[in-house]
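# Coordinates in review
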Amino acid sequence: GQNIDQPTEMTATEGAIVQINCTYQTSGFNGLFWYQQHAGEAPTFLSYNVLDGLEEKGRFSSFLSRSKGYSYLLLKELQMKDSASYLCAVVQYILTGGGNKLTFGTGTQLKVEL
Amino acid sequence: GAGVSQTPSNKVTEKGKYVELRCDPISGHTALYWYRQSLGQGPEFLIYFQGTGAADDSGLPNDRFFAVRPEGSVSTLKIQRTERGDSAVYLCASSLGEGSTYEQYFGPGTRLTVT
């Protein structure tokens, strides 16, 4: 079966750093995406990891450890606009047709306060 | 350029009715996915198209749900005899190709409410 766990909610202060963890147990692994989703809007791409280690992109970084089934998203210099849901999604390869199915966690609702 | 578009943005229907939800992917994207997102949950995979064919429909909850993509571009998700439990946001996503590194671009979704 598929199991992806993230904290339900987190609160952080503007200007601070926050780390959102994601653990997964899935049958098949072809990478891991992080998406940001503001209320009532579409998820938007933040990062992709397929190899172990840290990927940095501006204020956002994402880390993956495949042996531990663990990833985190690190957000630096938090801004009020970062208040959103952050979705961890494991990529599973679709053998027929070659696509990639995303299995999402429930999302972590981040609230950034003054 | 234009992103993924979905129509209608909101649909309210009565229990037992038939609905169609439309997705226009990004031009040139061969892969198209449908997901369903219930309140407070992450999106849940429904079906994947590569070109015109449904390569994986393992996420469709039952035979009331069907999707087509006749010309390899626009896709329609069809739900027969709707039930209150079908109420959710239906998201469509497209990607450039088959590789895992190809990010999926999501549309704004159709919010379906079954009364």
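A brief structural summary. Just so it is clear, the structure is predicted and the values come from calculations on it, not from any experiment.

Calculation rules
Counting of residues starts from 1 at the beginning of each chain's written sequence and follows it residue by residue. Whichever chain is written first is A, and whichever ligand is written first is 1; the rest continue in order. The model is predicted, so local features are restricted to residues of pLDDT at least 70 and side-chain atom pairs to those at 80 or more, both for listing and for counting; the totals for chains, interfaces and linings are taken over all residues. Only hydrogens and water are set aside when side-chain values are computed; all heavy atoms of the structure are taken into account. Secondary structure elements are taken from DSSP: a helix is a run of H or I of four residues or more, a strand is a run of E of two residues or more, and numbering for both begins at the N terminus. Classification of residues uses two cut-offs on accessible area relative to the type maximum, computed with a 1.4 Å probe and protein chains only: under 20% is buried, over 50% is exposed, and between them is partly exposed. Only strands joined by at least two bridges in the DSSP assignment are considered to pair. For every element, the axis is a line fit to its C-alpha atoms; helices are fit only across the contacting stretch, and the angle between N-to-C directions ranges from 0 to 180 degrees. In what follows, residue pairs with any heavy atoms lying within 4.5 Å of each other are defined as contacts. Buried area is a sum: the accessible area each of two parts loses on coming together, probed at 1.4 Å, counted once for each and added. Salt bridges, as used here, are contacts in which a Lys or Arg side-chain nitrogen is within 4 Å of a carboxyl oxygen on Asp or Glu. Any N or O atom pair separated by 3.5 Å or less is treated as a polar contact, with the protein-specific requirement of one donor-capable and one acceptor-capable atom, and with residues adjacent in sequence counted only for side-chain atom pairs.

Residues and elements named next belong to chain B. Inspection of the secondary structure assignment puts Gly 28 in the loop between β3 (19–24) and β4 (31–37). Relative accessible area serves as the criterion here: at 56%, Gly 28 is assigned to the exposed category. Expressed as a C-alpha distance, the spacing of Gly 28 and Gly 72, which sit 44 residues apart in the sequence, is 9.7 Å.

The omega torsion of the bond from B:Thr7 to B:Pro8 falls at -10°, within 30 degrees of zero and hence cis. Along the chain, B:Pro8 turns up in the loop between β1 (5–7) and β2 (10–13). For A:Glu77, which is not glycine, the phi torsion reads 45° and is therefore positive. Summarising the element assignment, A:Glu77 is placed in the loop between β8 (70–75) and β9 (84–93). At B:Arg81, a position not held by glycine, the phi torsion is positive, near 45°. Inspection of the secondary structure assignment puts B:Arg81 in the loop between β8 (75–79) and β9 (88–95). B:Arg81 sits in the partly exposed class, given a relative accessible area of 46%.

Our next topic: the sheet that holds strand β1 (residues 3–5) of chain A. Residue and element names in this part refer to chain A. The strand order across the open sheet formed by five strands is β1-β3-β8-β7-β6, and the pairing between neighbours is antiparallel. Edge positions in the sheet fall to β1 and β6 (53–57), since each of these pairs with one other strand and no more. Geometrically, the sheet is characterised by an average inter-axis angle of 15° between neighbouring strands, direction not taken into account. Both β1 and strand β3 (residues 18–25) contribute to a ladder of three bridges, which runs antiparallel. Following the sheet pairing, Asn 3 is matched in β3 by Gln 25.

This next bit is on the interface of chain A and chain B. Contact residues are listed per partner, giving 22 residues for chain A and 24 residues for chain B. Where chain A abuts chain B, roughly 1,800 Å² becomes buried across the two surfaces, and 53% of that area is made up of carbon and sulfur atoms. Among the residues chain A hides against chain B, the three largest losses belong to A:Asn100, A:Lys101 and A:Phe104. Together they make up 23% of the total. For the pair chain A and chain B, the number of links is one salt bridge. Close ionic contact of B:Asp56 with A:Lys101 constitutes a salt bridge, the shortest N to O distance being 3.2 Å. The interface formed by chain A and chain B holds seven residue pairs in polar contact (both at pLDDT 80 or more) in total.

With that settled, the discussion passes to the pattern of salt bridges. One pass over the structure, following the stated rule, counts nine salt bridges over all chains. Among the salt bridges present, the one from A:Arg66 reaches A:Asp52, with a minimum N-O distance of 3.0 Å. In this pair, A:Arg66 is assigned in the loop between β7 (60–65) and β8 and A:Asp52 in the loop between β5 (44–49) and β6, connecting sequence segments 14 residues apart. A:Arg66 gets classed as partly exposed once you look at its relative accessible area, which sits at 42%. In this structure, B:Asp86 engages B:Arg64 in a salt bridge whose closest nitrogen and oxygen atoms are separated by 2.8 Å. Residue B:Asp86 is found in the loop between β8 and β9, and its partner B:Arg64 is found in the loop between β6 (53–56) and β7 (65–68); the two are separated by 22 residues along the sequence. Take B:Asp86 and B:Arg64: they sit in the same class, and that class is buried. Among the charged side chains, a network of salt bridges with common partners joins B:Arg64, B:Glu83 and B:Asp86.

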